[in-house]
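Each chain, letter by letter, is given below.
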Amino acid sequence: MHGIILAGGSGSRLWPLSRELYPKQLLRFNNSKSLLEETYLRLLHLCDEENIIGITNQKHYSDVKSQLETITKTPVILAEPAQKNTAPAVSVCVKHILDTKGDDLVLVCPSDHLIKDSKAFVETVQSAVKYAEQNYMVTFGITPSSPQTGYGYIKAGEDFKQQGDKSVFKALEFKEKPDEKTAVKYFKSGKYFWNAGIFLFKASVFVEALKKYAPDIYSVLCEFDFTKESSIDFMKFDKMPSISIDYAVMEKADNIVIVPLKSDWNDLGCFESIYDTNEKDENNNVDIGNTLLKDCKNSMLYSSNRLVAGLGLDNILVIETPDVVLVCEKSRTQEVKDIYEKLKKDKNDVHKIHTTVYRPWGYYTVLNQGEGYLTKFISVKSGGQLSLQSHNFRSEHWVVLNGTARVTLDEKNFILKPGSSIDIPVKMKHSLANPYNKELQIIEVQKGDKLVEEDIIRYKDIYGRVRA
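Draft legend 1. The arrangement of the overall build of the protein in detail. Per the secondary structure count, the protein includes 11 helices and 26 strands. What you see for the protein is a C-alpha radius of gyration of 24 Å, in line with the 23 Å of a compact globule of 468 residues. The principal-axis extent of the C-alpha atoms belonging to the protein is close to 75 × 65 × 40 Å. A total of 468 residues make up the protein; the buried ones form 53% of that total. Contacts in the protein between residues far apart in sequence, at least 24 positions, make up 67% of those at least 6 positions apart.

Have a look at this one:
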């Protein structure tokens, strides 16, 4: 079996914890592992690590790679040159498997689901293998616990009594996220499952389905040859339509079966989901981090750093991050996406990036920003190295606080101790490295008219962020 991990989502309903450049699959929700890492570890019970392939968009590639390298030394990750939804993403991964491994079973898993009972998940997938081997495409349905409007639904038909399975069903219809009245109708009927977006099929069966139901994807897919190329060609991929796997294939195919997932499952699609999956106090509150509650009930308080105190709250959500505080009724957490979209429309970067940003070499925190200047705290782990780069619009000044820095400026190397500093003029090639055992900490002051992360031209990079 081969595993495909879809790691390109944005998680906009979990803003401000989830941001465009650091979405929810990379977050650690009160846990030592991110959702992405947990997904990979879960697949290791079903696939050899060389048979697991991740796909994400280019802006998340280095973060995804960095996290998976904590589990395996050589993760296989494809980077989408453009965001095209799940159908093109799954399609190129399946083609990669066919070209490099051959026709085999493929399990498609989103990277942002919370599943605590891995044993039950694995057993459910194993029970579905016989259907995939009979050329069915399996979707794993979630038995609804309530009439939710945040999930898609799948209508179940007759069960497979002839094969001795009374709990496996023919899929009749895929339904989009319903309004509240329709969700209640689906729930009461007992004929619908939530659509988890987890699929199992033969690679060749999926490609045949593309040929029949999504010829615009299939025709482009035939141009790819992963025996000769290791990355996704932009010119080819850009010709793909932007469409979900449900719209492109699953809603049209007549060989879909539903296998109910026997494990727990939550897609953590909104803060109410996080509330539901965490332990409650005697007043039905969830408190995470540095919090203080008095006379509160049915509420959730989350602190990333500062003290968050709640008094007399009922059904209220409070989320604190260094640069944003979100307060809303807990029942309206699905609407957080509207705030995210408004910030995006207004080109307010608070939707895009945290004040603390993790990189393969360590992390940086934005300390202050004003007209023509920006100040960062930068931490470079032992063995870490920033890419050889230049900037078209800004100069930089580095001051070493702790550790020892090796700075490359043009073709000259400098060793800087605590208290030392150096200037990097506009457009000059430079790099920062920490080849020593102690963590390197520096202050960076940027000056210029355009102070954006996109103002980076990379020439060399040990983390594979320079692409031919």
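Draft legend 2. Here's a closer look at the nonpolar core. Counting 68 residues, the largest nonpolar core has L107, F121, F140, L200, F271 and M300 as the members making the most contacts within it. Excluding residues that lie within four positions of it along the chain, M300 makes contacts with F271, I274, Y275, V286, I288, I316, L317, V318 and I319.

Draft legend 3. Representation of the packing of helix α3 (residues 86-100) against helix α6 (residues 203-213) in the model. Closest axis-to-axis distance for the α3/α6 pair is 10 Å, and the angle between their directions is 135°. Taken as axis vectors, α3 and α6 run oblique relative to one another. Where α3 crosses over α6, the two elements pack in a sense that is left-handed. Residues V90, S91, V94 and L98 of α3 pack against A203, S204, F206, V207 and L210 of α6. Residue composition of the contact of α3 with α6, grouped by class: 7 nonpolar, 2 polar and no charged.

Draft legend 4. Representation of the sheet that holds strand β18 (residues 373-380) in the model. On the basis of which strands lie adjacent, the open sheet formed by 6 strands has the order β16-β17-β18-β25-β20-β23 and antiparallel pairing. Here the strands that pair on one side only, and so sit at the sheet edges, are β16 (356-359) and β23 (421-424). With direction set aside, neighbouring strand axes in the sheet form an average angle of 20°.

Draft legend 5. Seen up close, the environment of G383. As for its position among the elements, G383 is in the loop between β18 and β19 (388-390). The spacing of G383 and L326 is 57 residues in sequence and 37 Å in space, taken between C-alpha atoms. Discounting chain neighbours no more than four positions away, the residues touching G383 are N434, Y436, I462 and Y463.

Draft legend 6. Focus on the packing of helix α1 (residues 35-43) against helix α2 (residues 58-68). For the pair α1 and α2, the least separation of the axes is 10 Å and the interaxial angle reads 50°. One way to sum up the angle between α1 and α2 is to call them oblique. In terms of crossing hand, the pair formed by α1 and α2 is right-handed. Touching L36, E37 and Y40 of α1 are V64, Q67 and L68, all from α2.

Draft legend 7. Representation of the pattern of salt bridges within the structure. As enumerated under the stated definition, the model contains 18 salt bridges in all. In this structure, the salt-bridge partner of K342 is D346, at a minimum N-O distance of 2.5 Å. For K342, a relative accessible area of 48% corresponds to the partly exposed category. Residues E453 and K376 are paired through a salt bridge, measuring 2.7 Å at the closest nitrogen-oxygen approach.

Draft legend 8. Quick look at the packing of aromatic side chains. All told, the structure shown has 13 aromatic pairs when counted by the stated rule. With a centroid separation of 5.7 Å and an interplanar angle of 45°, the aromatic rings of F169 and F193 are classed as tilted. Here F169 is found in strand β7 (residues 165-175), whereas its partner F193 is found in strand β8 (residues 192-202), with 24 residues between them in sequence. Pair check on accessibility: F169 and F193 agree, each one buried. Ring centres of Y358 and Y363 lie 5.9 Å apart, and the angle between their planes is 50°; this geometry places the pair in the tilted category. When its relative accessible area of 42% is taken as the criterion, Y358 is described as partly exposed.

Draft legend 9. Highlighting the state of the cysteines. Applying the stated criterion across every chain, the model contains 0 disulfides. The cysteine C296 is free of any disulfide, with C328 supplying the nearest cysteine sulfur at 15 Å. Overall, C296 belongs to the buried group, its relative accessible area being 3%.

Draft legend 10. Spatial organisation of the pairing of β23. Residues I422 and I424 line the buried face of β23, whereas the alternating positions S421 and D423 sit on a face that is not buried. Pairing between strand β20 (residues 394-402) and β23: 4 bridges, direction antiparallel. Bridge pairing in β23 links W398 to I422.

Draft legend 11. Fine view of the pairing of strand β2 (residues 52-57). Here β2 lies mainly inside the structure; 6 of its 6 residues are buried. Of the two faces of β2, both are covered, the one formed by I52, G54 and T56 as well as the one formed by I53, I55 and N57. Sheet topology note: the strand β1 (residues 2-6)/β2 ladder contains 4 bridges and is parallel. Its bridge partner being in β2, I5 is matched across the sheet by G54. Two elements, β2 and strand β3 (residues 76-80), share 5 bridges in a ladder whose sense is parallel. The partner of G54 across the bridge, within β3, is I77. Between the parallel elements β2 and β3, the chain passes through α2 in a crossover that is right-handed.

Draft legend 12. Just unusual backbone geometry, in detail. Backbone torsion omega between W15 and P16 reads 15°, so that peptide bond is classified as cis. With a phi angle near 70°, K427 is a residue other than glycine that sits in the positive phi range. Its location among the elements puts K427 in the loop between β23 and β24 (430-433).

Draft legend 13. Local environment of the sheet that holds strand β15 (residues 325-329). What the 4 strands build is an open sheet, ordered β10-β12-β14-β15; its pairing is mixed. Lying at the two open borders of the sheet, with one neighbouring strand each, are β10 (286-288) and β15. This sheet shows a mean twist of 5° between the axes of neighbouring strands, independent of strand direction. Sheet topology places β10 next to strand β12 (residues 300-303); 3 bridges connect them, and they run parallel. Within β12, the position partnered with I288 by the bridge is Y302.

What counts as what
Residues numbered from 1 in each chain as written. Predicted model: local features only at pLDDT ≥ 70, side-chain atom pairs only at ≥ 80, totals over all residues. Heavy atoms only, no water. Helix = DSSP H or I, 4+ residues; strand = E, 2+ residues; numbered from the N terminus. Rg over C-alpha atoms; globule rule 2.2 N^0.38 Å. Buried < 20%, exposed > 50% of the residue type's maximum accessible area, 1.4 Å probe, protein only. Contact = heavy atoms within 4.5 Å. Core = buried A, V, L, I, M, F, W, Y, C linked by side-chain atoms within 4.5 Å. Axes fitted to C-alpha atoms, helices over the stretch in contact; angles between N-to-C directions. Parallel < 35°, antiparallel > 145°, perpendicular 65-115°, else oblique. Left-handed = near helix turned anticlockwise from the far one by under 90°. Nonpolar A, V, L, I, M, F, W, Y, C, P; charged D, E, K, R; others polar. Pairing = 2+ DSSP bridges. Salt bridge = Lys/Arg side-chain N within 4 Å of Asp/Glu carboxyl O. Phe/Tyr/Trp six-rings, centres within 6.5 Å; stacked < 30°, edge-to-face > 60°. Disulfide = S-S within 2.5 Å. Right-handed = clockwise from strand over helix to strand, strands pointing away.

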